[in-house]
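Summary of the model geometry
Here are the chains, one letter per residue:
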Amino acid sequence: MRLYLSEGSAQGLKVLAAAGASGARVRLERVPPDGRVVPFLTHPRVPALHLDSGTFLFSPNAICQYFFLLAGKEPNDLTNQWLEWEATELQPAVSTALYCHLVQGKKGGEVLRAIRKTLTYIDQSLTSKATPYLAGEAESVADVVLWATLFPVLRDESCLPDELQALRSWFQTMNLSEPCRSAAVSVLTPEGAQAFKVYLQKQPGPSLHWEKPAANEPEEEELAERSLSEEEIAAAAEAWARGPAALPERWQPSSPVLPVEGRRNVLITSALPYVNNVPHLGNIIGCVLSADVFARYCRLRNWNTLYVCGTDEYGTATETKALEEGLTPQQICDKYNAIHAQIYRWFDISFDYFGRTTTAHQTTIAQDIFQRLLERDMLLTDTVDQLRCERCQRFLADRFVEGTCPFCNYEEARGDQCDKCGKLINAVELKKPQCKVCKDSPVVKSSQHLFLDLPKLEGRLEKWLEQSWATGDWTANSRFITRSWIRDGLKPRCITRDLKWGTPVPLDGFRDKVFYVWFDAPIGYLSITANYTDQWERWWKNPQQVQLYNFMAKDNVPFHSVVFPCSLLGAEDNYTLVNHLIATEYLNYEDGKFSKSRGVGVFGDMAQDTGIPAAIWRFYLLFLRPEGQDSAFSWTDLMLKNNSELLNNLGNFVNRAGMFVCKFFGGRVPPMELGADDKWLLAHVTLELRQYNQLLEKVRIRDALRCILSISRYGNQYIQVNEPWKRIKGHDADRTRAGTVTGVAVNIAALISVMLQPYMPSIGAAIQRQLCVPQGCNVLTDTFLCLLPPGHQIGTVNPLFQKLETEQIEDLRKRFGGGQAQAACMASADVMPPGPGGGAVLAGDPQKVKELAEVVAKQADHVRQLKASKAEKGQIDGEVAKLLELKKQLVLAEGKTPEPPAPKGKKRK
């Protein structure tokens, strides 16, 4: 084998290190950077590996993988994920950092800022897995590839932030390995570094608009980072002058919403939530909230949009929940469907229709697709070994079996998939399986079942995927997960289950069975639409006119990208298939996972009891939406984002702009005489607006939100620099300038009110009420127009946000750190809450009653002392809450029923 390298090639570092680490024997030949060594390529590609068979490999990561395969080191799924992440996330960030350093001469923190996010991700991954290497206990090709990408930037380890200890330790380990040291010496010679600099100078400069930490007022150079041409500034000023008359008329869709020929018709679905539980914040951001933002955005763009969702109600999960609560499956579905609907109403989710899967339309459509598959010989019959719990007297659905993964030995693998290694599992393959309901060990029983012949459909699937990926916006994780499913060839997939609660199978010999939930549930999108309109086929059998967007968390991807499309392709009925599959990573809670049973984390029915408005929850969840990697909810960060980004930045700007109109100009927008600085600002706001549109068209929801915050920062700085509150007291020119600044600022606030609607609809509406923004302005284009002309009368301006206090947040942190589960258990048990000694308080226990009475008296004295000393209200309220809880425990200990709390503002009679 011949390995071709050039001087100064950062990519060459990884292949040389991989060759050394794997023990591959190669003949090294150095060529110029523009050397053509791969004969069939029109552009030079170095490094390149020429195999003895005559084949060329010219992808650096593929070369590295080949070396490790030769050494018998097969990559696992985690290794492949790291390699894809390195290619899509790390390489662009490092290229930006190197350009800043070598070409622009920047140093230290300025360079590190470009890769800070990626470094933190690696550190968090190493910390959470507690392994010395990226993919486990042994070095893999992923370690070599990531080390080589980072090494040119981090040659001096001292530049690594102190808090990234896991990353530092891993990087030092790799630096000390002989293959990596030798590769670094060979490739990054002084001449090589200079050659690399020359190479970078010939390339177009990378985008330097990396994500910045939240700040109330950015430094001047940060806002001035983008240069604008005179043409762009002039065009922005000209567009501004056209005013709201330049806006297209708002599109009013029909009722029900149906596709319209010649318009952009957008069909949006969010993954159907299981009906047997209450959604937590991670569930909400993963599907319904993300889809809602996009649906609202589509409507602002005048696209003909239908957004449907509903509860997934069939399957073992529902039967089991019904047993737990002593209800029928239908009663459970009715109860939790109402709970879900109420939660989504509170979160301001704008479904066009929220339905359910336990309907006659579901049965009709699912059985029709099944019959079409059967007629086209797309189904197989086979005997299946299943796990049956003898204590529960039922076959166990995959998700109601847990055990040890047969591949990676993860001890909490589900019966269908391992969350750690990502591999699919047959439940009978689990080691030490347990029934999740009763914890008994299930036994293996045989049963006849029907299978979807995925191998027969694989060719059609791959052809469709190739076209959908080329024309649609699929997130990187959805593409990767789909590839991992089809990489080794598809296998027949069982579509029936031995249950009673589900869509019945209309075939002799199988009439005692129902469809497996993952064959049946996605069909719910169609049946829910059919319950919305009898013309549902105009949406679902119309791929020529309809663009379909699916929103979900990453664990649902294979069923939407492989199983469901194969069902529809095999049915051969011109079904609309997904064009854009949008999958999030996972949202964690503080340092762990959400758990209803342990009372850890905020669930949908609890958020409204925190006193924090739904708009703030929406903003924070979208601000940390897990788009490229897992993210974590943090109470402290919620407080910081509310107080800095919303209160001090966005809210402060909108309030100041409106107040200046009211205070200085009688509530009417003043005349504006635009100067050079004003036109420069209009052009920058226009750039942010266009970036916002480009990002949301690609469904990059989190990044687009930052454009709104950037605009309000521009506005704050504009007001601060021009000081209209001072100029209004000066001579005529100063007063004119104050009017111009105020008029421009209040128009920026009006634009923000429109851009904010997908994210915080109630806040957008509040701004529009205060500024009296005409409804016709609720259309988004790529131009910033003067929406509020001189003379426009605005209304009363009020603050939009309230400060979150540390005491309030700490109370909530404690409350949702496990306490609510304990409280729920106490409420349903005969045992009272723990008394002051820590033991259980039994009703009628004289000793406990006496102890509690003493504690209540002591706490009451403490509260009186605090009030007498005029302590802070927050401290007094906290101690009063403790006193009330102690009094409640005392009443319970005495065997009495506590009185309900008195309504606020009224005294008891």
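Residues numbered from 1 in each chain as written. Predicted model: local features only at pLDDT ≥ 70, side-chain atom pairs only at ≥ 80, totals over all residues. Heavy atoms only, no water.

1. A closer look at the sheet that holds strand 4 (residues 56–57)
- Strand order in this open sheet of four strands is 2-1-3-4, and the pairing throughout is mixed. A strand with exactly one partner marks an edge of an open sheet, and here the two such strands are strand 2 (27–30) and strand 4.
- With three bridges joining them, strand 1 (residues 2–5) and strand 3 (residues 48–50) adopt antiparallel strand pairing. Across the sheet, the residue bridging to Arg2 is His50, located in strand 3. (Pairing = 2+ DSSP bridges. Helix = DSSP H or I, 4+ residues; strand = E, 2+ residues; numbered from the N terminus.)

2. Some points on the side chain of Ser644
- Tracing the sequence through the fold places Ser644 in helix 25 (residues 635–665).
- The exposure class of Ser644 is buried, given its relative accessible area of 16%.
- Among the polar contacts listed, one links the side chain of Ser644 to the backbone oxygen of Leu640, at a separation of 2.5 Å. (Buried < 20%, exposed > 50% of the residue type's maximum accessible area, 1.4 Å probe, protein only. Polar contact = N/O pair within 3.5 Å; in protein donor to acceptor, adjacent residues only side chain to side chain.)

3. Some points on the packing of aromatic side chains
- Scanning the entire structure with this criterion turns up 35 aromatic pairs.
- Centre to centre, the rings of Phe294 and Phe551 are 6.0 Å apart; their planes meet at 45°, and the pair counts as tilted. One end of the pair, Phe294, is in helix 13 (residues 288–300); the other, Phe551, is in strand 17 (residues 546–553), with 257 residues separating them in the sequence. For the pair Phe294 and Phe551, one class covers both residues: buried.
- Pairing Trp469 with Trp474 gives two aromatic rings, centres 5.8 Å apart and planes at 80°, and the pair type is edge-to-face.
- Relative accessible area serves as the criterion here: at 6%, Trp474 is assigned to the buried category. (Phe/Tyr/Trp six-rings, centres within 6.5 Å; stacked < 30°, edge-to-face > 60°.)

4. Examining the packing of helix 16 (residues 360–375) against helix 20 (residues 523–532)
- Look at helix 16 against helix 20: their axes get within 9 Å of each other, and the N-to-C directions meet at 135°. On the basis of their axis angle, the class for helix 16 and helix 20 is oblique. Crossing geometry of helix 16 relative to helix 20 is assigned as right-handed. Here His361, Gln362, Ile365, Ala366 and Ile369 of helix 16 lie close against helix 20, whose contacting residues are Ile523, Gly524, Leu526, Ser527, Ala530 and Asn531.
- Broken down by class, the residue content of the contact of helix 16 with helix 20 amounts to six nonpolar, five polar and no charged. (Axes fitted to C-alpha atoms, helices over the stretch in contact; angles between N-to-C directions. Parallel < 35°, antiparallel > 145°, perpendicular 65-115°, else oblique. Left-handed = near helix turned anticlockwise from the far one by under 90°. Contact = heavy atoms within 4.5 Å. Nonpolar A, V, L, I, M, F, W, Y, C, P; charged D, E, K, R; others polar.)

5. Focus: the sheet that holds strand 7 (residues 353–356)
- Taken together, the five strands give an open sheet; going across it, the order is 7-6-5-17-18, and neighbouring strands pair in parallel fashion. In this open sheet, the two strands that pair with only one neighbour each are strand 7 and strand 18 (580–584). This sheet shows a mean twist of 20° between the axes of neighbouring strands, independent of strand direction.
- Where strand 5 (residues 265–270) and strand 6 (residues 304–311) come together, five bridges link them in parallel fashion.

6. A word on the nonpolar core
- One finds Ile268, Ile369, Trp617, Trp635, Tyr692, Tyr759 and Met760 to be the most contacted residues of the largest nonpolar core, which totals 188 residues.
- With 11 residues, helix 29 (residues 732–755) is the largest single contributor of residues to this core.
- Residues contacting Trp635, with those up to four places away along its chain left out, are Tyr589, Glu590, Val602, Ile612, Trp617, Ile809, Leu812, Arg813 and Phe816.
- The next biggest cluster of nonpolar side chains, apart from the first, holds 56 residues, and it includes Leu51, Leu98, Leu112 and Tyr133. (Core = buried A, V, L, I, M, F, W, Y, C linked by side-chain atoms within 4.5 Å.)

7. Notes on helix 16
- A rise of 1.5 Å per residue sets the reference length of helix 16, with its 16 residues, at 22 Å; its end C-alpha atoms lie 22 Å apart and thus fit the reference within 8%.
- When helix 16 is considered as a whole, its buried residues turn out to be Gln362, Ile365, Ala366, Ile369, Phe370, Arg372 and Leu373. One face of helix 16 carries all of its buried residues, which in axial projection span an arc of 160°. In helix 16, the exposed residues that point more than 90 degrees away from the buried face are Ala360, Thr364 and Glu375.
- The inward-facing, buried residues of helix 16 abut strand 8 (379–389), strand 13 (443–452), strand 16 (514–515), helix 19 (517–520), helix 20 and helix 22 (557–571). (Expected span 1.5 Å × (residues − 1). Arc of directions from axis to C-beta.)

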